Protein chains: 2
Amino acid sequence: MYKILGVDPGSSCTGYGLISGDGQKVLYVTSGAIKLPARATRFEKLREIHQRIAAIIATHAPTHFAIENVFYSKNPRSTLVLGEARGAAILAAVLAGVPVFEYSAREVKQSVTGNGAAHKSQVSFMMGKILGVAPPESEDESDAIAIAMCHAFKNVEMKSL
Amino acid sequence: MYKILGVDPGSSCTGYGLISGDGQKVLYVTSGAIKLPARATRFEKLREIHQRIAAIIATHAPTHFAIENVFYSKNPRSTLVLGEARGAAILAAVLAGVPVFEYSAREVKQSVTGNGAAHKSQVSFMMGKILGVAPPESEDESDAIAIAMCHAFKNVEMKSL
């Protein structure tokens, strides 16, 4: 029995999705979008991301933490701010002793839909088929669930979970 | 009486410098360079940065935390990794309730030497004159002390400390 927490960090909204499984079947547990107050400073947002993710880890005790491997953004400033948000989220896993795994957007799409260049709507469609839940409205939340599914599928195939 | 912790985060080495003062005089307290094990994963390094800075804050109880405002690096991947390291360091201050301040490299040079385009050796020279300590060998450590001095000088002038 494993539990995978997928996280899609961002400085305005951070999505998370938790799935569980036993190597045969993948089950949806919970997911959500942590909306960060627009008036908060960058530093207050880091605390919010960290504490909310730490609380989810404390409540659900995931065995794995998965995150998208994003290495660029629109501009250097956005990339740095995204890096800070990622650091705050990853640290919640690392401090709780949960191992962290990274996957590229292409790997996520490939493992969920069979097509590394799939459209986002196709990812949502497969998510509904496989987990039996309606795709969430928030794109960050949807992406987080897809990242968790990617980790499950890649590792169930490798029988390492 | 204030105590300023300046931090210069990096994924291979993170410098820190602590100074104190009473509005009249600035005193050197301690400084160092946290060298991160080359074999550690990026995630282990984040934990190391966070826990070492948190320990320094717990020991010395700084009243202010100052960091350089860097918004780019050689490439997007370096910028993202730098952002993660910054997030881990800043979070140690935010979780301990220490207010965080940012200054550009130009502001740091201007406030320490009177010249925003000063060479690093000039910053080191003034550091020796003002604090009465030999400039540290580590550039990250030296930069961290300069950032703390910048915060002291800018705020003593404004009489807000």
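Reading guide: rules and limits
- Residues numbered from 1 in each chain as written.
- Chains lettered and ligands numbered in written order.
- Predicted model: local features only at pLDDT ≥ 70, side-chain atom pairs only at ≥ 80, totals over all residues.
- Heavy atoms only, no water.
- Helix = DSSP H or I, 4+ residues; strand = E, 2+ residues; numbered from the N terminus.
- Rg over C-alpha atoms; globule rule 2.2 N^0.38 Å.
- Buried < 20%, exposed > 50% of the residue type's maximum accessible area, 1.4 Å probe, protein only.
- Lys, Arg positive; Asp, Glu negative; His and termini not counted.
- Charge placed at Lys NZ, Arg CZ, Asp CG, Glu CD.
- Salt bridge = Lys/Arg side-chain N within 4 Å of Asp/Glu carboxyl O.
- Pairing = 2+ DSSP bridges.
- Axes fitted to C-alpha atoms, helices over the stretch in contact; angles between N-to-C directions.
- pLDDT = per-residue confidence, 0-100.
- Contact = heavy atoms within 4.5 Å.
- Core = buried A, V, L, I, M, F, W, Y, C linked by side-chain atoms within 4.5 Å.
- Least-squares fit on C-alpha atoms with pLDDT ≥ 70 in both.

Undergrad: Help me understand the overall build of chain A, please; the structure alone is not making it clear to me.
TA: Secondary structure summary: chain A contains five helices and five strands in total. Tracing chain A from N to C terminus, the helices and strands come up as β-β-β-α-β-α-β-α-α-α. Relative to a compact globule of 161 residues, whose C-alpha radius of gyration would be 15 Å, chain A shows 15 Å and is just as compact. A principal-axis box enclosing the C-alpha atoms of chain A has dimensions of 45 × 30 × 25 Å. Looking at the 161 residues of chain A, the share that counts as buried comes to 52%. Of the charged side chains in chain A, 17 are positive and 14 negative, and the gap between their average positions amounts to 1 Å.

Undergrad: What is the right way to look at the pattern of salt bridges in this model?
TA: When charged atoms on two side chains of opposite charge get close, those side chains can pair. Counted by the stated rule, this structure contains 16 salt bridges over all chains. With its nearest N and O atoms 2.8 Å apart, the salt bridge here joins E84 of chain A to R86 of chain B. With E84 of chain A in helix α2 (residues 76-95) and R86 of chain B in helix α2 (residues 76-95), the pair connects residues from two separate chains. Assessed through its relative accessible area of 1%, E84 of chain A is described here as buried. With relative accessibility at 1%, the residue R86 of chain B sits in the buried group. Between D143 of chain B and K120 of chain B there is a salt bridge, with the nearest N and O atoms lying 3.1 Å from each other. With a gap of 23 residues between them, D143 of chain B in helix α5 (residues 139-157) and K120 of chain B in helix α4 (residues 120-131) connect regions that are remote in the sequence.

Undergrad: Please explain unusual backbone geometry as it appears in this structure.
TA: Among all residues save glycine, negative phi is the norm, and among peptide bonds the norm is trans. Phi at A61 of chain A is positive, roughly 45 degrees, even though this residue is not glycine. Within the secondary structure, A61 of chain A sits in the loop between α1 (42-60) and β4 (64-68).

Undergrad: How should the sheet that holds strand β3 (residues 26-35) of chain A be read in this particular structure?
TA: Within a beta sheet, neighbouring strands are joined by backbone hydrogen bonds and run either parallel or antiparallel to one another. All names here are of chain A. Strand order across the open sheet formed by five strands is β3-β2-β1-β4-β5, with mixed pairing between neighbours. Two strands lie at the open edges of the sheet, namely β3 and β5 (100-103), each paired on one side alone. Within this sheet the neighbouring strands show an average axis-to-axis angle of 20 degrees, counted without direction. With nine bridges connecting them, strand β2 (residues 13-21) and β3 associate as antiparallel partners. Paired with G17 across the strands is S31, a residue of β3.

Undergrad: How should the side chain of H64 of chain A be read in this particular structure?
TA: Looking at the secondary structure, you find H64 of chain A in strand β4. Take H64 of chain A: its relative accessible area is 13%, and that puts it in the buried class.

Undergrad: I would appreciate a short explanation of the confidence of the model for chain A in the present structure.
TA: If pLDDT is low for a region, its predicted coordinates should not be looked at in detail. Of the residues in chain A, 96% have a pLDDT of 70 or more, and the chain-wide mean is 91. In the predicted complex, the global pTM is 0.91; the interface-specific ipTM is 0.88.

Undergrad: Can you help me understand the environment of L36 of chain B in this one?
TA: Residues and elements named next belong to chain B. The residue L36 is located in the loop between β3 (26-35) and α1 (42-60) in this model. Remark: the alpha-carbon pair of L36 and L46, spanning ten residues in sequence, is separated by 9.4 Å. Excluding its chain neighbours within four sequence positions, the residues that come into contact with L36 are G10, S11, S12, C13, T14, K45, E48 and I49.

Undergrad: What exactly am I supposed to notice about the environment of I130 of chain B here?
TA: All names here are of chain B. For I130, the position within the fold is in helix α4. Distance in space between the C-alpha atoms of I130 and F65 is 20 Å, their sequence separation being 65 residues. In this view, I130 contacts V26, V112, M149 and F153; residues no more than four positions away in its chain are not counted.

Undergrad: Help me out: how do you make sense of the nonpolar core in this one?
TA: The tendency in soluble globular proteins is for nonpolar side chains to be buried as a group. Counting 48 residues, the largest nonpolar core has L5, I53 and F65 of chain A together with L5, I53 and F65 of chain B as its most contacted members. When neighbours within four sequence positions are excluded, L5 of chain A is seen to be in contact with Y16, G17, L18, I53, I56, I57, P62, H64, F65 and A66 of chain A.

Undergrad: Teacher, can you tell me more about the relation of the copies chain A and chain B here?
TA: Note: a rotation about an axis with an accompanying shift along it relates these two copies of the chain. Note on the copies: chain A fits chain B at an RMSD of 0.0 Å, the axial shift is 0.0 Å, and the rotation between them is 180 degrees. The superposition of one copy onto the other is thereby described by a two-fold rotation axis. Closest approach to the rotation axis within chain A is made by the C-alpha atom of G83 of chain A, at a distance of 2.0 Å. Most of the interface of chain A is mirrored in chain B, where 100% of its interface residues again form contacts.

Undergrad: Can you walk me through the sheet that holds strand β5 (residues 100-103) of chain B in this structure?
TA: Residues and elements named next belong to chain B. A sheet is described by the order of its strands in space; here five strands give the open sequence β3-β2-β1-β4-β5, paired in mixed fashion. Strands at the two margins of the open sheet, each flanked by one partner only, are β3 and β5. This sheet shows a mean twist of 20 degrees between the axes of neighbouring strands, independent of strand direction. Looking at chain direction, strand β4 (residues 64-68) and β5 are connected through four bridges and run parallel.

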